[in-house]
Amino acid sequence: MELQEAIMGRRSIRKYTDQDVSREQIDAILKAGYWAPRVNERWKFIVVRDEQARKILSQRDRPRGDKATQPHIANAPVDIVVCIDFRGASERDKALYAMQEASAAIQNMLLTAYELGLGTCWNGSFDDEGVKEILGLPDGVETVAIISFGYPAETSTGLRRKKLEEIVHRERYSGE
Ligand SMILES: Cc1cc2nc3c(=O)[nH]c(=O)nc-3n(C[C@H](O)[C@H](O)[C@H](O)COP(=O)(O)O)c2cc1C
């Protein structure tokens, strides 16, 4: 698959078929994350297949008493939870590098999954404490995102975006 085709064609998919995702596919996706640009490699990738665990991952905002869930996280045959080990990190690492390298890894994983025929969704809304507990994360290791993977059972054209001209500035920031 051409890179541009993957970049332009990938869309968030939130409905999956029952077909399982293979170990080989997951390994290829993890490897793509691993080869993203890196600083201190504070990222951790946790592969979750367990049904009960996926249900916990699908819950959002428990501390505020909100019982809403994101069913696609529970229904996906596999989720990869991306965490950052902030222990011993410098201020700049905490503020910039660690999140940026994790994000680069996530995008590599999304594009690789797309190339393999899988649908994905990058999820930033989840119950921090619930995830920490079910995955046994030590203090200082925080969850950044949950990526759900499965064979797509829907198509998506994506939401409308701002026009490119609205976000591009040349030479200097223009506007307010
Ligand atoms: C940091 C981040 C957090 C996101 N969190 C969620 C989420 O919690 N649930 C969800 O369904 N989609 C989530 N998304 C996916 C966006 O909704 C999606 O990328 C956006 O609507 C554009 O659609 P596309 O991915 O199909 O191009 C998140 C995306 C990013 C980058």
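In this text, all values refer to a predicted model and were calculated from it rather than measured experimentally.

Looking at this structure, how should I read helix H2 (residues 23-34)?
Quick reminder: α-helices carry 3.6 residues per turn. Residues three or four places apart thus point the same way. Helix length check: H2 (12 residues) gives 16 Å between terminal C-alpha atoms against 16 Å at 1.5 Å per residue, within 8%. Residues of H2 that are buried: Gln-25, Ile-26, Ile-29, Leu-30, Ala-32 and Gly-33. One face of H2 carries all of its buried residues, which in axial projection span an arc of 155 degrees. Among the exposed residues of H2, those oriented more than 90 degrees off its buried face are Arg-23, Glu-24 and Lys-31. Those residues of H2 that are buried lie in contact with strand E1 (43-48), strand E2 (78-85), helix H5 (91-115) and strand E4 (141-150).

It is not clear to me how the site of the ligand should be interpreted in this structure. Could you clarify?
Lining the immediate environment of the ligand, one finds 14 residues, of which Ser-12, Arg-14, Gln-70, Gly-124 and Arg-161 sit closest. One of the side-chain nitrogen or oxygen atoms of Gln-70 is found 2.8 Å away from a nitrogen atom of the ligand. When isolated, the ligand has an accessible area of 620 Å², and the protein chains bury 67% of it. When its residues are assigned to classes, the shell around the ligand shows 3 nonpolar, 7 polar and 4 charged.

Please explain the packing of H2 against H5 as it appears in this structure.
Each pair of packed helices gets described by two things: the angle between the helix axes and the distance between those axes. Relative orientation of the contacting elements H2 and H5 amounts to 145 degrees, with a least axis distance of 7 Å. Where H2 crosses over H5, the handedness of that crossing is right-handed. Along the contact surface, H2 presents Ala-28, Ile-29, Ala-32 and Gly-33, while H5 presents Ala-105, Asn-108, Met-109, Thr-112 and Ala-113. Partitioning the contact of H2 with H5 into residue classes produces 6 nonpolar, 3 polar and no charged.

Got a minute to help me understand the nonpolar core in this structure?
One recurring pattern in soluble globular proteins is that nonpolar side chains are buried together. Core analysis: the biggest nonpolar cluster contains 24 residues, and Ile-29, Ile-80, Val-82, Ile-106, Met-109, Ile-147 and Phe-149 have the highest contact counts within it. Listing elements by their share of this core, those giving two or more residues are H2, E2, H5 and E4. Per-element tally for this core: the top contributor is H5, with 7 residues. Among residues more than four places away in sequence, those in contact with Ile-29 are Ile-80, Met-109, Thr-112, Ala-113, Leu-116, Leu-118 and Phe-149. Core analysis: the second largest hydrophobic core is formed by 11 residues, Val-48, Ile-73, Cys-83 and Ile-146 among them.

For this particular structure, what's the right way to read the side chain of Lys-132?
If you trace the backbone, Lys-132 turns up in helix H6 (residues 128-135). Using a relative accessible area of 14% as the deciding quantity, one classes Lys-132 as buried. For Lys-132, the side chain forms a polar contact with the main-chain oxygen of Val-141, separated by 3.2 Å. Among all residues touching Lys-132, those that are not within four sequence positions of it are Leu-137, Pro-138, Asp-139, Gly-140, Val-141 and Glu-142.

Is there a simple way to explain the packing of aromatic side chains in this structure?
In total, this model carries 2 aromatic pairs according to the counting rule given. Between the aromatic rings of Tyr-34 and Trp-35, the centroid separation amounts to 5.3 Å while the plane-to-plane angle is 90 degrees, which identifies the pairing as edge-to-face. Here Tyr-34 falls in the partly exposed class, since its relative accessible area comes to 45%. Its relative accessible area of 62% is what places Trp-35 among the exposed residues. Where Trp-43 meets Phe-45, the ring centres are 5.8 Å apart and the plane angle is 40 degrees; that geometry is what we call tilted. Of the residues examined, Trp-43 reaches a relative accessible area of 8% and is grouped as buried. Phe-45 sits in the partly exposed class, given a relative accessible area of 23%.

In this structure, what is going on with the pattern of salt bridges? I would like to understand it.
Any two side chains of opposite charge can pair, so long as their charged atoms come close to each other. Applying the stated criterion across every chain, the model contains 7 salt bridges. The residue Arg-38 makes a salt bridge to Glu-41 at a minimum N-O spacing of 2.8 Å. With a closest N to O distance of 2.6 Å, Arg-42 and Asp-93 form a salt bridge. Residue Arg-42 is located in the loop between H2 and E1, and its partner Asp-93 is located in helix H5; the two are separated by 51 residues in the primary sequence.

Quick notes on the rules
Residues numbered from 1 in each chain as written. Predicted model: local features only at pLDDT ≥ 70, side-chain atom pairs only at ≥ 80, totals over all residues. Heavy atoms only, no water. Helix = DSSP H or I, 4+ residues; strand = E, 2+ residues; numbered from the N terminus. Expected span 1.5 Å × (residues − 1). Buried < 20%, exposed > 50% of the residue type's maximum accessible area, 1.4 Å probe, protein only. Arc of directions from axis to C-beta. Contact = heavy atoms within 4.5 Å. Near = heavy atom within 4 Å. Polar contact = N/O pair within 3.5 Å; in protein donor to acceptor, adjacent residues only side chain to side chain. Areas by Shrake-Rupley, 256 points an atom, 1.4 Å probe, with all protein chains shown as cover. Nonpolar A, V, L, I, M, F, W, Y, C, P; charged D, E, K, R; others polar. Axes fitted to C-alpha atoms, helices over the stretch in contact; angles between N-to-C directions. Left-handed = near helix turned anticlockwise from the far one by under 90°. Core = buried A, V, L, I, M, F, W, Y, C linked by side-chain atoms within 4.5 Å. Phe/Tyr/Trp six-rings, centres within 6.5 Å; stacked < 30°, edge-to-face > 60°. Salt bridge = Lys/Arg side-chain N within 4 Å of Asp/Glu carboxyl O.

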